[in-house]
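Topology and contacts: notes
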Amino acid sequence: MALLFTAALLSLLSFAYFQGQKRAAGYRDRVGAQLHSLPSYYGAYAVLWAVLPTLALLGIWAAVQGPLVEMMIRADLAAQLAGLSESEIGLVMNDVRNLATGGITSGDPEPAIQEAAARYANLMVTAKAAMFVVCFALGLGGFWFAYRRVNPSLRARNQVERTIMVFLMASSTIAILVTLGIVLSLMFEAMRFFAQIPFFDFLFGLKWSPQIAIREGQTGSSGAFGAVPIFAGTLLISMIAMCVAAPIGLFSAIYMSEYASRRFRSVVKPVLEILAGIPTVVYGFFAALTVAPLLRDIGDSVGLDVASESALAAGAVMGIMIIPFVSSLSDDVITAVPQSMREGSYGLGATKSETVRKVVLPAALPGIVGALLLAVSRAIGETMIVVMAAGLTANLTANPFAAVTTVTVQIVTLLTGDQEFDSPKTLAAFALGLVLFVVTLCLNIVALRVVRKYREQYD
Amino acid sequence: MTDTTPDVTVPPDTGLPKTPSEASNRVRQSLRRRYAAEKRFRMYGLIAIGLALSFIVVLFTDIITKGHSAFIQSHLTLTVELDADSVDPQGDRSPESLRDGSYRGITLRAFFETLRGVSGRADQREALSLLSDAADITVRNAVLDQPDLVGTTATLPVKFGDDADIFFKGKSVAVEGLPAQSTATPSGTQGEITITADGPAFTAILEQAKIQLRDDIQGLEDDIAGFQRRIDRYQEELSQATDEDQRADLRDSIATMTDAIATDTEKVAGIEARIANPGDSEVLTRESSSYLIRINGGVVKVLAAAPNRIEGEVFFSLDSDRRADEGSWQIMTLPIAESNRRLSDKQVMWLWDLEERGLLDMQFNTTFFTSGDSREPEQAGIWGAAVGSFFTLMITLLLSFPIGVMTAVYLEEFAPKNKWTDLIEVNINNLAAVPSIVFGLLGLAMFLNVFGLPRSAPLVGGMVLTLMTLPTIIIAGRAALKAVPPSIREAALGMGASRIQAMTHHVLPLAMPGMMTGTIIGMAQALGETAPLLMIGMVAFIVDIPGGFTDPATVLPVQIYIWADSPERAFVEKTSAAIMVLLAFLITMNLAAVLVRKRFEKRW
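Keep in mind that what you see is a predicted model, and the values were worked out from it rather than measured.

Here is what the cut-offs are and how they apply
Residues numbered from 1 in each chain as written. Chains lettered and ligands numbered in written order. Predicted model: local features only at pLDDT ≥ 70, side-chain atom pairs only at ≥ 80, totals over all residues. Heavy atoms only, no water. Buried < 20%, exposed > 50% of the residue type's maximum accessible area, 1.4 Å probe, protein only. Helix = DSSP H or I, 4+ residues; strand = E, 2+ residues; numbered from the N terminus. Pairing = 2+ DSSP bridges. 1 Å grid on protein atoms, 1.4 Å probe; cavity = no way out; pocket = protein on both sides within 12 Å on 5 of 7 lines; lining within 4 Å. Points joined across faces, edges and corners; volume = space filled by probe spheres on them. Polar contact = N/O pair within 3.5 Å; in protein donor to acceptor, adjacent residues only side chain to side chain. Axes fitted to C-alpha atoms, helices over the stretch in contact; angles between N-to-C directions. Parallel < 35°, antiparallel > 145°, perpendicular 65-115°, else oblique. Left-handed = near helix turned anticlockwise from the far one by under 90°. Contact = heavy atoms within 4.5 Å. Nonpolar A, V, L, I, M, F, W, Y, C, P; charged D, E, K, R; others polar. Expected span 1.5 Å × (residues − 1). Salt bridge = Lys/Arg side-chain N within 4 Å of Asp/Glu carboxyl O. Buried area = accessible area lost by both parts, 1.4 Å probe. Phe/Tyr/Trp six-rings, centres within 6.5 Å; stacked < 30°, edge-to-face > 60°. Lys NZ or Arg CZ within 6 Å of the ring centre and 35° of its normal.

What follows deals with the pairing of strand 7 (residues 290-295) of chain B. Residues and elements named next belong to chain B. Most of strand 7 is tucked away, with 5 of its 6 residues classed as buried. Inspection of the sheet shows strand 7 paired to strand 10 (residues 330-334) by 5 bridges, in the antiparallel sense. Bridge pairing in strand 10 places Leu292 opposite Met332. Judged from the 4 bridges that link them, strand 7 and strand 8 (residues 298-306) form a sheet pairing that is antiparallel. Considered in strand 8, the bridge of Ile295 is made with Gly298. Hairpin connection between strand 7 and strand 8: a loop of 2 residues separates the two successive antiparallel strands, and Asn296 in this loop has a positive phi of roughly 50 degrees.

Take a look at the structure:
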């Protein structure tokens, strides 16, 4: 079906273009008139007038068709459906739909349902055919309208370019629409969550055990939704990651920008970027199957009690993943410090390391702080490494050898389980997502602000 | 006249050098320190880079060592009697008839006959887990391919199960040999027999049994210590208790503990006597290593050992009960205790025997590349995930490339410098830094709930990934457009082109290499994304290969995530092999991006 539509659309498109262009070229060749635009623009003009209304009507029709047909069937079955709850009506409609498309239904359908299913099938076929006919009639009508208007004085190019400009503007608003969509969808679901669980209990509560009773009197059903242990776990793992990534990344950046030769730089820089290109699933696998058992064995031989899903394992591997972020951002910042400052320092007799420590790094400090903040934001939002290597139970501790859980792990486990969508347990995931989004957004804005505000103007 | 000697005051000690040589000394020392600090600082930088590089090396080595064996699958060269009655029920060799035939019976019968020493249903059940569940399907496919095989005896390679496969790749338990001196004489050829040697040939086995006894002693001594601690505590409570009932209770408890200590001390003494006495035989338990004697063409499992005699159970019948000379019989050991591994001694012996007889065939694992996911590791493959990834990436490319290029063009060339444009730019930069899981939440809330699109479909996955890669493409596109010099635009405008014409005909083609590089890199990032796809449901167990954009599918990184959670040991190598395939794809894409950039980029 879809293939047929696409083929028809493409043929309408090429027909309109060819005809429009031919008519314009005809004017130029036969009558010798001066065309305002190139013939191809007249073709494009015809195409736009033919195809755009068709597509618009197709879109609206396809969206409206389903609900409209369903409403009509419901009106037919009004007698049967009187007094049923919303979900029961939904089941009846499912039966009708399944019967109509030849699928199986639950139990033997009554004759009224069978009639309704037959009517449904009929309506769908009629609607599809009607959609096809009406839309393409509209398309041909649009083409005819445009074809009639093609003459040498028509400013086809301007019209076409104006339409193109509208498209360009529309595509650039998609970025805003996405942000708006994220914020709205998260807020909507989070509001539903906060209607059931008080806001301050969520933000400041100390116990996280998201269980909801499925039926009355179920044991273990009291849900506590205090998110502080989760935030603490996220912070612990991020701090461990920064302890690994910051020194290594910073010193690599310093070496590469100050001491390394061009050849060394051109070889090592892309290799370090490999660390950034490895998918996080691979890091998670590595952390869960190699690093965590290794740490546990080392801990056992030394006498420490290291959990098999320790925060140290997940944090260390996350740190390895973040090294290229810190390193490349710091590298850019350090290279941007003007050479004149370094040379002034050398002129006073300082060694290279003293110059770096006392002149270059303080000058580059805002940029480095911004880079570190961005790295922290990346660490907080990281999902796969912690899902595979960190634990699932919320644990309020500062011990890096214990198993902790993070915000992203909780979001994944809450949403890939099998609770219904309305229960506070699943909605808690959206609340956590909202908190995550807001925190990373703030970190990014602060990082940018810091860089912009404290950046020294040297030229 | 007074002596006008000048008033020489000693200058205060300011720490400054008093003589030129002292000054140079000080300078030399401080220079040495500063140069040393300089060298150290430089070393730190090199160490940091070295650490980062070593992480890469360690990661790759780990993945490759774990995964390279997944590309090989162990097969059994099985001789199957394709009896016409079971294989071809309708007797006409038509595909329907052949498909209806029952292959499981003849396959299993052939398998049990190939193994040595399978007697009884218990043995059959134990042997069954060594063969893959798909073995009979392999036989059926062979018959369907060549109907002429009906009624003949065919030799086909069938897959081993995952436990056997791991054994053949050397990852579960090794069969090691021990030196055996002196001759040995078995007392029979079947059942439970005794093997007598004319020298202390079995002391190694006895030592192993004694190690187990020593472990038992350790356990008992720990218990005794625990009892003693409790007695001490009770004594303390007794001295402080005032209530008569309580005192009686405590005395009873102390008496029980004392008795327990006495019993255990007796046990310890008994075990120590057994250890000290070299002549007695000891029973081997499941918690100690296993020992098997290969003698006279058969194999005997050691149940109890004395220095010059063992009692054992015959696994594979011996040819005769003649005396075996030194060097013609052998002691084999399985170092890992039977309770710590998945394969029993008998199963290991069957597999070892098949390998000895040359019936083991290691072939390239084509199943890995041609089949979808499965619960059985030897039948699991990445083809379903690869096709799903392909469809998802296609949708992502089709959606993100046009939108990204159009946005970049608009922002760079046509947008007026006002607040609205600033807002768009800020938004794009923010979106580039949002965690990927938030995009998954957006996809879940909007595409699945509001728009009602099918769950787990490449269509929805592609749309979510589009939203994620758009910022990358837009930023790369803007950089590419900025790099085109204004002279090109102005020359085109000077020739009478409109702004859009100048853009489409002149600027865009020149900026295209940079845009394509950015797109390829964005696609590579999208290929490795897992978290947002988990949210929209692509984490289901999908066995069929998806056929279109709305069929339920999974992608390669999510497949890796699912397999990494599986408990079977064989999935570790499959996961590593899938990671190798994924990394290979990513390296290819990144290399392609670098090549495009090098080949087509113009430096102005």
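Enumeration over the complete set of coordinates arrives at 4 cavities of 30 Å³ or more. For the largest cavity, the calculated volume is near 50 Å³. Counting residues per element, the ones that place at least two in the lining of the largest cavity are helix 7 (174-196) of chain A together with helix 13 (419-433) and helix 15 (458-483) of chain B.

What follows concerns the environment of Trp329 of chain B. Residues and elements named next belong to chain B. With respect to the helices, strands and loops of the structure, Trp329 is situated in the loop between strand 9 (309-316) and strand 10. Sequence spacing of Trp329 and Gly191 is 138 residues, and the spatial spacing of their C-alpha atoms is 19 Å. A distance of 3.0 Å separates the side chain of Trp329 from the backbone oxygen of Ser182, its partner in a polar contact.

Attention now moves to the sheet that holds strand 11 (residues 360-364) of chain B. Residues and elements named next belong to chain B. Taken in spatial order, the 3 strands make up an open sheet running 2-1-11, and their pairing is antiparallel. Two strands in the sheet have a free side with no partner beyond their single neighbour: strand 2 (153-159) and strand 11. With direction set aside, neighbouring strand axes in the sheet form an average angle of 40 degrees.

Below, the discussion takes up the packing of helix 7 of chain A against helix 17 (residues 424-454) of chain A. Packed helix pairs are specified by the crossing angle of their axes together with the interaxial distance, meaning the distance between the axes. Residue and element names in this part refer to chain A. It is the contact of helix 7 with helix 17, at a shortest axis distance of 8 Å, that shows an interaxial angle of 130 degrees. Here helix 17 runs oblique to helix 7, going by the angle between their axes. Where helix 7 crosses over helix 17, the two elements pack in a sense that is left-handed. Contacts between helix 7 and helix 17 involve Ile182, Val183, Leu186, Met187, Glu189, Ala190, Arg192, Phe193, Phe194 and Gln196 from the former and Pro424, Leu427, Ala428, Phe430, Ala431, Gly433, Leu434 and Phe437 from the latter. When its residues are assigned to classes, the contact of helix 7 with helix 17 shows 14 nonpolar, 2 polar and 2 charged.

This paragraph deals with helix 1 (residues 2-31) of chain A. Look at helix 1 of chain A: 43 Å from first C-alpha to last across 30 residues, which is about the 44 Å you get at 1.5 Å a residue. Inspection of helix 1 of chain A places Phe5, Ala8, Leu9, Leu12, Ala16, Gln19, Gly20, Ala24, Ala25 and Gly26 of chain A among the buried residues, and these make up the whole buried set.

Further remarks concern unusual backbone geometry. Residues and elements named next belong to chain B. Positive phi, normally seen in glycine, also occurs at Ser182, with a value near 75 degrees. A positive phi angle, close to 50 degrees, is found at Asn296, a residue other than glycine. The residue Asn296 is located in the loop between strand 7 and strand 8 in this model.

With that settled, the discussion passes to the pattern of salt bridges. Residue and element names in this part refer to chain B. On inspection of all chains with the given rule, the structure shows 28 salt bridges over all chains. We note a salt bridge from Arg26 to Glu22, for which the minimum N-O separation is 3.6 Å. In this pair, Arg26 and Glu22 are both assigned in helix 1 (residues 20-67), 4 residues apart and thus about one turn of the helix distant. Note that Glu412 is salt-bridged to Arg478, the shortest N-O span being 2.9 Å. In this pair, Glu412 sits in helix 12 (residues 383-414) while Arg478 sits in helix 15, placing the two residues 66 residues apart along the sequence. Arg478 gets classed as buried once you look at its relative accessible area, which sits at 17%. Among the charged side chains, a salt-bridge network with shared partners connects Asp165, Lys169, Lys171, Glu573 and Lys574.

This paragraph deals with the interface of chain A and chain B. The interface of chain A with chain B comprises 73 residues on the first partner and 69 residues on the second. Around 6200 Å² of area is buried between chain A and chain B when both sides are counted, 80% of it from carbon and sulfur atoms. Our count for the contact surface shared by chain A and chain B stands at 1 salt bridge. Per-class residue counts for the side of chain A that touches chain B are 47 nonpolar, 20 polar and 6 charged.

We now examine the packing of aromatic side chains. Enumeration according to the criterion identifies 31 aromatic pairs over all chains in this entry. Measuring from centroid to centroid gives 5.6 Å for Phe194 of chain A and Phe202 of chain A, while their planes differ by 65 degrees, and the two rings are edge-to-face. Residue Phe194 of chain A is classed as buried on the basis of its relative accessible area of 17%. Judged by centre distance (5.9 Å) and plane angle (5 degrees), the ring pair of Phe71 of chain B and Phe369 of chain B falls under stacked. Of this pair, Phe71 of chain B sits in the loop between helix 1 and strand 1 (72-81) while Phe369 of chain B is found in helix 11 (residues 367-370), placing the two residues 298 residues apart along the sequence. Phe369 of chain B sits in the partly exposed class, given a relative accessible area of 31%. Here a set of aromatic residues connected by ring pairs shows up, and it is made of Phe193, Phe194, Phe199, Phe200, Phe202, Phe204, Trp208 and Phe225 of chain A. The side chain of Arg23 of chain A reaches across the aromatic face of Tyr147 of chain A, ending 4.8 Å from its centre.

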